Amino acid sequence: QVQLVESGGGLVQPGGSLRLSCAASGSIFRINVMAWYRQAPGNERELVARISSGGLTDYANSVKGRFTISIDKTKNTMYLQMHKLKPEDTAIYYCAASGRWGTSTNDYDYWGQGTQVTVSS
């Protein structure tokens with residue numbers, strides 16, 4: 001099993017920045033891909049960004065140029081650096097892990113509990 005624990009969410013003003021962290025533990029050898037998803041009230045969970053163990057990255061169009069996904073393998077931790085935040089970025093952000101390069105939530109076997117990000121003045 002793999003355990004994922006997110007941290008770093010909170011309240012930020014529009015235009016501000018925030019960094020989310022996702023610490024992985026357990027059978028991390030199973031992981032080839034890690035991702036950030038988000039879900040706003042009334043919406044489906046959507047892919048924000050994903051990163052492979054080899055460093056390949058992919059972003060949703062809505063966050064390109066504003067968000068950066070990265071991994072620190074020495075700490076078994078994934079990050080999402082968010083800049084120029086907008087009210088529409090408000091959501092619960094989830095960390096996910098998988099053995100395969102997928103975009104559907106069904107492709108991800110392990111999930112964190114989520115962390116709330118609220119962008120508001």
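One can find the structure itself at the top, above this paragraph.
Residues numbered from 1 in each chain as written. Predicted model: local features only at pLDDT ≥ 70, side-chain atom pairs only at ≥ 80, totals over all residues. Heavy atoms only, no water.

Asks: What's the story with the packing of aromatic side chains in this structure? I'm lost.
Replies: Any two aromatic rings considered together are summarised by their centre-to-centre distance and by the angle between their planes. This model, assessed by the stated rule, comprises three aromatic pairs. Both rings, one in Tyr37 and one in Tyr108, keep their centres 5.5 Å apart while their planes meet at 75°; by these two values the pair is edge-to-face. With Tyr37 in strand S4 (residues 33-39) and Tyr108 in the loop between strand S9 (91-98) and strand S10 (110-111), this pair connects stretches of sequence that are 71 residues apart. On the basis of relative accessible area, Tyr37 is assigned to the buried category, the value being 1%. Since its relative accessible area comes to 4%, Tyr108 is described here as buried. An aromatic cluster is defined as three or more aromatic residues linked by ring pairs; in this entry it consists of Tyr37, Tyr108 and Trp111. Of note, Arg45 hangs over the ring of Tyr94, and the distance from its end group to the ring centre comes to 3.7 Å. In this arrangement the basic side chain of Arg45 is found over the ring face of Trp111, its NZ or CZ atom lying 4.9 Å from the centre. (Phe/Tyr/Trp six-rings, centres within 6.5 Å; stacked < 30°, edge-to-face > 60°. Helix = DSSP H or I, 4+ residues; strand = E, 2+ residues; numbered from the N terminus. Buried < 20%, exposed > 50% of the residue type's maximum accessible area, 1.4 Å probe, protein only. Lys NZ or Arg CZ within 6 Å of the ring centre and 35° of its normal.)

Asks: Looking at this structure, how should I read the nonpolar core?
Replies: Nonpolar side chains in soluble globular proteins tend to end up buried together. Ranked by size, the top nonpolar core spans 29 residues in total, and within it Leu4, Met34, Trp36, Leu80, Met82 and Tyr93 carry the most contacts. Of all the secondary-structure elements, those providing two or more residues to this core are strand S1 (2-7), strand S3 (18-26), S4, strand S5 (46-52), strand S7 (67-72), strand S8 (77-82), S9 and strand S11 (115-119). Formed by seven residues, the second largest nonpolar core is a distinct cluster that contains Val33, Ala35, Ala96 and Tyr108. (Core = buried A, V, L, I, M, F, W, Y, C linked by side-chain atoms within 4.5 Å.)

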